[in-house]
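Examination of the molecular architecture
Next come the chains, spelled out residue by residue.
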Amino acid sequence: MSAAGHYVTGVDISDVQIRRARELVPQAEFIRADATAVDFAPASFNAVVSFYALIHIPLDEQLPLLRKVAGWLRPGGWFLGTTGYRAWTGVDEDWLGGGTAMWWSHSDAATNRAWITQAGLTVEEEEFVPEGEGGHALFWARRR
């Protein structure tokens, strides 16, 4: 259980991020896996949170993943996630000025809203989250 009294399961493809998460939240469970390949039982979670992850998953895998997420939620459960605000696929060759290349693939906010709805979730709120010269869409959605 996390310090707030909630059971927490985290998924990341990065060994480094999993190690850091285990250090920061030792009472949680962390799974090193590709989010598109991991599976959980239906209605396993009250909430699924995805910050800055979907934008690094190929476009054709995002709607199927959102459908899986909707299935993992209990009825009335929440999805909170960031997506692209403007459509873009490409590489930043010097991400954060560290000399490392980072790849992105995301649709615009309207497409992401449609995908979230098609996945079986109801968008309750949407915000723009500024970042640098651009930003992301933040969605609050519930399972019907």
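I will try to describe carefully the structure that is included in this document. (Residues numbered from 1 in each chain as written. Predicted model: local features only at pLDDT ≥ 70, side-chain atom pairs only at ≥ 80, totals over all residues. Heavy atoms only, no water.)

**A look at the overall build of the chain**
For clarity, the cut-off: Every helix listed is a DSSP run of H or I at least four residues long, and every strand listed is a run of E at least two residues long, numbered separately from the N terminus. Put simply, the radius of gyration uses C-alpha atoms, and a globule should come to 2.2 Å times the residue count raised to 0.38. Per-residue accessibility, obtained with a 1.4 Å probe over protein chains only, is compared with the maximum for each type, and a residue is labelled buried under 20%, exposed over 50%, and partly exposed between these values. Note on definitions: a residue-residue contact is assigned when non-hydrogen atoms from the two residues lie within 4.5 Å. Using a 1.4 Å probe, the Shrake-Rupley method yields the accessible areas, and only the shown protein chains count as cover for residues. Under this rule, positive means Lys or Arg and negative means Asp or Glu; His and the chain ends count for nothing. Here the site of a charge means NZ on Lys, CZ on Arg, CG on Asp, or CD on Glu.
Of the regular secondary structure elements, the chain holds three helices and eight strands. Taken from the N to the C terminus, the helices and strands of the chain come in the order β-α-β-β-α-β-β-β-α-β-β. Here the C-alpha radius of gyration of the chain, 15 Å, is about what a compact globule of 144 residues would show, namely 15 Å. Considering only C-alpha atoms, the chain reaches an extent of 40 × 35 × 25 Å along its principal axes. Within the chain, the proportion of its 144 residues that are buried is 33%. In the chain, 57% of the contacts between residues at least 6 apart in sequence involve partners at least 24 apart. Accessible surface computed for the chain: about 8,500 Å², of which carbon and sulfur atoms make up 55%. Treating the 12 positive side-chain charges of the chain as one cloud and the 18 negative ones as another, the clouds have centres 9 Å apart.

**With respect to the pairing of strand E8 (residues 134-143)**
Rules: A pair of strands counts as paired when DSSP detects no fewer than two bridges linking them.
Pairing between strand E4 (residues 73-84) and E8: seven bridges, direction antiparallel. If you follow tryptophan 78 over to E8, its bridge partner there is arginine 142. Here ten bridges tie strand E7 (residues 121-131) to E8, and the two strands are oriented antiparallel to one another. Counterpart to glutamate 127 in the pairing with E8 is leucine 138. Taking the residues that link successive antiparallel strands as the turn, the E7-E8 hairpin has two residues, and the phi of glycine 132 there is positive, at about 55°.

**Quick notes on the packing of helix H2 (residues 59-72) against helix H3 (residues 109-118)**
In a packed pair of helices, the relevant descriptors are the angle between the two axes and the axis-to-axis distance. Just so we agree on the cut-off: Note on definitions: angles span 0 to 180 degrees between N-to-C directions of axes, and those axes are lines fitted to C-alpha atoms, for helices only across the stretch in contact. Put simply, angles under 35 degrees are roughly parallel, angles over 145 are roughly antiparallel, angles from 65 to 115 are roughly perpendicular, and the rest are oblique. Crossings are classed by handedness, with left-handed meaning an anticlockwise turn of the near helix from the far one by less than a right angle and right-handed meaning a clockwise turn.
Two elements in contact, H2 and H3, have axes separated by 8 Å at closest approach and are oriented at 40°. One finds that H2 runs oblique with respect to H3. Judged by the sense of rotation from one axis to the other, the crossing of H2 with H3 is right-handed. Residues Leu59, Gln62, Leu63, Leu66 and Arg67 of H2 lie in contact with H3, whose contacting residues are Asn112, Trp115, Ile116 and Gln118.

**Topic: unusual backbone geometry**
Residues apart from glycine generally show negative phi values, whereas peptide bonds are mostly found in trans. Even without glycine at this site, tyrosine 52 takes up a positive phi of about 60°. With respect to the secondary-structure elements, tyrosine 52 resides in the loop between strand E3 (45-50) and H2. Relative accessible area serves as the criterion here: at 37%, tyrosine 52 is assigned to the partly exposed category. Here the phi dihedral of leucine 96 falls at roughly 55°; this positive angle occurs in a residue that is not glycine. Note that leucine 96 resides in the loop between strand E5 (88-95) and strand E6 (100-106). Here leucine 96 falls in the exposed class, since its relative accessible area comes to 70%.

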